[in-house]
2 protein chains.
Amino acid sequence: MARLVLKFGGTSVAGIPEIENAAEKVVAEVARGHQVAVVVSAMAGVTNQLVDFCRGISPLHDAREYDAVVSSGENITAGLMALALQKRGVMARSWQGWQVPLVTNDMHGKARIEEIRTVEFDKRLSAGEVAVLAGFQGVTPMNRISTLGRGGSDTTAVALAAALKADRCDIYTDVNGVYTTDPRIVPNARKLARVSYEEMVEMASLGAKVLQTRSVEMAMKQNVPVQVLSTFEPSIGSDLPGTLVTREEDIVEQHIVNGITYSRDEAKITLINVPDIPGIAASVFGPLSNANINVDMIVQNVSHDGKLTDMTFTVTRADLDRALETLKNVASLKDLKIHTDARVAKVSVVGIGMKSHAGVAQTMFAALAEKGINIQAISTSEIKISVLIAEDYTELAIRALHTAYGLD
Amino acid sequence: MARLVLKFGGTSVAGIPEIENAAEKVVAEVARGHQVAVVVSAMAGVTNQLVDFCRGISPLHDAREYDAVVSSGENITAGLMALALQKRGVMARSWQGWQVPLVTNDMHGKARIEEIRTVEFDKRLSAGEVAVLAGFQGVTPMNRISTLGRGGSDTTAVALAAALKADRCDIYTDVNGVYTTDPRIVPNARKLARVSYEEMVEMASLGAKVLQTRSVEMAMKQNVPVQVLSTFEPSIGSDLPGTLVTREEDIVEQHIVNGITYSRDEAKITLINVPDIPGIAASVFGPLSNANINVDMIVQNVSHDGKLTDMTFTVTRADLDRALETLKNVASLKDLKIHTDARVAKVSVVGIGMKSHAGVAQTMFAALAEKGINIQAISTSEIKISVLIAEDYTELAIRALHTAYGLD
């Protein structure tokens, strides 16, 4: 007997038929003798409708009222899921964040979980009752409703699994696992049976849309094994039909590179004729940071004459206009030229095996060179290498790299 | 400065434009220097949608989960109303039932309010903040969400007004007050400036759809003046543009009859050849009561031969089939004949002045006789007289009575 947390996202509970289908997944785990807690998102479209209502009244809405309104979507699904389970003869009840309570700080709209008091949950799970928790929400010390922001239901599920000392957190979604790359681009992309937390963090933040980075980081910190699997495929046969995200040491067979990810959400800014003096980087990136603009890849060229240099960095496309506005106001940069290019993409190879293998970057550069793809910027971490290329070459680069690292 | 509770029903908060309009009504009262608490219903269609979801999963749903789902509608409106007020520069926050807390018993789906803890409310109202409470809901001692059943938001508003010792509870709706009768039937029906609680209870339960009986009974018991008024008419000029429901002694000019009401929701059952022996009424009405069938008007004829008699009574049309089924199973009634007539209507005259005036019934009977309308049954209370007539004559009877009692 294991203790499991099952999380169903928006497409998995899109309407009544989908909720009934998700309930069957829960019933199957109960039938195997497991203790089960369920975390649900809002039904498809509900959250957007509620957000539109708030925006319709005021674009500058009070985040506390926004949270009170928007959290209703998950409450509705939780109650309906409990009804669907009861209909199948399974003891179940719904829980709203405040009922647990799942306590967060008071950063409304993007609150952080501080504590989940699971005494009552523990008792009821042990008695065989399925707990259905509304995801994405909590209650502040002021007794106001909070929401956790993007991917909040994943975070709820992982945090609940940690608090309940669950054996696993299963994230049901509309794909059946984590792939070596986007199967729409590389049809023979392989599903990974296991992937390490570290790799998943890189893959999540680099554009693989399966899991939110924040929830993977939490799973890693709390050591909660997370399985990504499909709500819409029968899970007969294998105990672990999806992809298990787990500790590096629990993965027997390590590949050097496990995934190729990409992001088209990039824009490149090049500053030309920047004075090559101490403190210049701070004078550029300080104001951007103050404007809450995230800078990603940064390349500074070696100055040829010791006086002027060039500097290239990327921001998200949504931030591009604001970034340019901010830079124009930086007095010390008055005489420089600014070039921008929003038609760039970031392609990354990710693999925990890189730590102990040399030549991984060289394989990447050679594969791209062979296809005549120019690298505009490079950034690396212990377990990933990212390059910035012209957007038009994205698919070509991904296919070349998938083959070069033997992932086909 | 007064303390007011303003309640907005479903049509008054049907969508965002209506919520904005209702917010203007609140702002006007705040501008007059009043302390204001607001109670809101769900937006039009939302509750029905949520009820359909629950029924879609299971017709025999757990009332606790039903309540958790259905109460979301009011939570959404409460948050949106708070946003609409803030946009207008008014301090406001939303409250869900559990946040107050508004404590009810655990009769889910039709819970009764046990206590409203208003310490925090009191403090904030006195500080000038508008409290927006989600109507129709509360929290049980088990910390589960409950709903109050039909007309629950009216009940919430009146109970809150009582708990806050408010000077008045204003029920905003889509009519501008209580009329002497249905203006669709009698175009020159008059709006009543004031009506007593007792009359309103009779008029509410007899078919005037303006206020739920239960909330009027609570207002009477707690002595809360209630005004019924329109959300959609400008309330300039008069301090009391609608109808004030208040104590008899607060109404200066009393009419003998204040209203003519009707109900088409009646079905007549006549039992022929009932043995005229002691206990026979109990043997008929006991089983009906056990089957939870409400019997309204009862007429037993005088027995001519001392052995057999006839008995007529009414039930709601929805209960007719079940009533007949129940009666067939009553062994002691084996040899009687049963006649039914679902094409009947109940027409009533209501007036607190009746208590002290003779001849009120005679006026009714004469007016109906003059139009050739046959009375099939009569029932009376201290302040009303009801007659059962053929449904086809409903409008004719109402018009004749409206004139006969000088209400035109």
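Model, not experiment: these values are computed from the prediction.

Caption draft 1: Just the overall build of chain A, in detail. Helices and strands together make up the secondary structure of chain A, namely 12 helices and 18 strands. Dimensions of chain A along its principal axes, counting C-alpha atoms only, are 75 × 50 × 30 Å. The proportion of buried residues among the 408 residues of chain A is 55%. Residue pairs at least 24 apart in sequence account for 75% of intrachain contacts in chain A once pairs closer than 6 positions are excluded. Measuring between centres, the 40 positive side-chain charges of chain A sit 2 Å from its 47 negative side-chain charges.

Caption draft 2: Quick peek at the sheet that holds strand E11 (residues 226–230) of chain A. Residues and elements named next belong to chain A. Spatially, eight strands are ordered E3-E6-E2-E1-E9-E11-E12-E10 in an open sheet, and the strand pairing comes out mixed. Unpaired on one side and paired on the other, strand E3 (92–95) and strand E10 (194–196) mark the two borders of the sheet. Looking at each pair of strands side by side, their axes are set apart by 20 degrees on average, direction ignored. Of the pairings in the sheet, the one linking E3 to strand E6 (residues 130–134) comprises four bridges and is parallel in character. Within E6, the residue paired with Arg93 across the bridge is Ala131. Relative to the sheet, helix H4 (residues 72–87) contacts strand E1 (3–8), strand E2 (35–40), E3 and E6, its axis offset from that of E6 by approximately 160 degrees.

Caption draft 3: Looking closely at the UniProt feature "domain: ACT" (unreviewed entry) in chain A. Following the UniProt record, the feature "domain: ACT" (unreviewed entry) maps to residues 269–341 and 349–408 of chain A here. Summarising residues 349–408 of chain A: 37% helix, 23% strand, and an end-to-end C-alpha distance of 14 Å.

Caption draft 4: Structural detail: the UniProt feature "binding site: substrate" (unreviewed entry) in chain A. Residues and elements named next belong to chain A. Taken from the UniProt record, the annotation "binding site: substrate" (unreviewed entry) applies to Thr47 and Glu74. In summary, the annotated positions, though distributed over 28 residues, converge in three dimensions, the widest C-alpha pair being only 8.5 Å. For Thr47, the position within the fold is in helix H2 (residues 46–57). With a relative accessible area of 22%, Thr47 lands in the partly exposed category.

Caption draft 5: Expanded view of the sheet that holds strand E16 (residues 337–350) of chain B. All names here are of chain B. Here six strands make up an open sheet; going across it, the order is E14-E15-E13-E16-E18-E17 and the pairing antiparallel. Among the strands making up the open sheet, the edge pair consists of strand E14 (298–300) and strand E17 (377–381). The mean angle between the axes of side-by-side strands here comes to 25 degrees, regardless of whether they run parallel or antiparallel. Strand direction decides the pairing type here: strand E13 (residues 259–275) and E16, joined by 11 bridges, are antiparallel. Across the sheet, Glu266 pairs through a bridge with Val344, a residue of E16. Along the sheet face, helix H10 (residues 320–328) touches E13, strand E15 (308–316) and E16 and points at about 20 degrees away from the line of E13.

Caption draft 6: Seen up close, the side chain of Thr314 of chain B. Position of Thr314 of chain B relative to the elements: it lies in strand E15. In this structure Thr314 of chain B comes out as buried when scored by relative accessible area, which is 1%.

Caption draft 7: Region of the structure containing the relation of the copies chain A and chain B. Mapping chain A onto chain B calls for a rotation angle of 180 degrees and an axial translation of 0.0 Å; the resulting RMSD is 0.2 Å. The relationship between the two copies is best expressed as a two-fold rotation axis. Judged by C-alpha distance, Ser72 of chain A is the residue of chain A that lies nearest the rotation axis, at 2.9 Å. Most of the interface of chain A is mirrored in chain B, where 100% of its interface residues again form contacts.

Caption draft 8: View of the confidence of the model for chain A. On average, residues of chain A score 91 in pLDDT, and 97% of them are at 70 or above. Quick note on the complex model: pTM equals 0.85, ipTM equals 0.83.

Caption draft 9: Examining the packing of H2 of chain A against helix H4 (residues 72–87) of chain B more closely. For the pair H2 of chain A and H4 of chain B, interaxial distance at closest approach is 9 Å and the crossing angle is 20 degrees. As the angle between them shows, H2 of chain A and H4 of chain B are arranged roughly parallel. By crossing handedness, the relation of H2 of chain A to H4 of chain B is classed as right-handed. Side by side, H2 of chain A and H4 of chain B meet where Leu50, Phe53, Cys54 and Ile57 of chain A of the first sit next to Ile76, Leu80, Leu83, Ala84 and Lys87 of chain B of the second.

Caption draft 10: How the structure looks around the interface of chain A and chain B. On the chain B side, the residues contacting the 35 residues of chain A number 35 residues. Surface buried jointly by chain A and chain B totals about 3100 Å² across both partners, of which 65% is contributed by carbon and sulfur atoms. Run the count over chain A and chain B and you get zero salt bridges. At the boundary of chain A with chain B, the tally comes to eight residue pairs in polar contact (both at pLDDT 80 or more).

Caption draft 11: The pairing of E1 of chain A, seen in detail. Residue and element names in this part refer to chain A. A large share of E1 lies buried, amounting to six of its six residues. The alternating pattern of E1 places Arg3, Val5 and Lys7 on one face and Leu4, Leu6 and Phe8 on the opposite face, and all of these are buried. Judged from the six bridges that link them, E1 and E2 form a sheet pairing that is parallel. From the neighbouring strand, Leu4 faces E2, where its bridge partner is Val36.

Caption draft 12: Spotlight on the pairing of strand E17 (residues 377–381) of chain A. All names here are of chain A. Sheet topology places E17 next to strand E18 (residues 384–390); five bridges connect them, and they run antiparallel. The partner of Ser379 across the bridge, within E18, is Ser386. Two successive antiparallel strands, E17 and E18, enclose a turn made up of two residues.

Caption draft 13: View of helix H11 (residues 360–370) of chain A. All names here are of chain A. Burial in H11 covers these residues: Val360, Met364, Ala367 and Leu368. Angularly, the buried residues of H11 cover 95 degrees about the axis, an arc narrow enough to put them on a single face. Facing away from the buried side of H11 by more than 90 degrees, the exposed set consists of Ala369 and Glu370. Residues of H11 that are buried make contact with strand E16 (337–350), E18 and helix H12 (394–404). Following H11 by one or two positions, Gly372 has its phi on the positive side, about 70 degrees.

Definitions and limits used
Residues numbered from 1 in each chain as written. Chains lettered and ligands numbered in written order. Predicted model: local features only at pLDDT ≥ 70, side-chain atom pairs only at ≥ 80, totals over all residues. Heavy atoms only, no water. Helix = DSSP H or I, 4+ residues; strand = E, 2+ residues; numbered from the N terminus. Buried < 20%, exposed > 50% of the residue type's maximum accessible area, 1.4 Å probe, protein only. Contact = heavy atoms within 4.5 Å. Lys, Arg positive; Asp, Glu negative; His and termini not counted. Charge placed at Lys NZ, Arg CZ, Asp CG, Glu CD. Pairing = 2+ DSSP bridges. Axes fitted to C-alpha atoms, helices over the stretch in contact; angles between N-to-C directions. UniProt positions renumbered as here; feature names shortened; annotations may be inferred. Least-squares fit on C-alpha atoms with pLDDT ≥ 70 in both. pLDDT = per-residue confidence, 0-100. Parallel < 35°, antiparallel > 145°, perpendicular 65-115°, else oblique. Left-handed = near helix turned anticlockwise from the far one by under 90°. Buried area = accessible area lost by both parts, 1.4 Å probe. Salt bridge = Lys/Arg side-chain N within 4 Å of Asp/Glu carboxyl O. Polar contact = N/O pair within 3.5 Å; in protein donor to acceptor, adjacent residues only side chain to side chain. Arc of directions from axis to C-beta.

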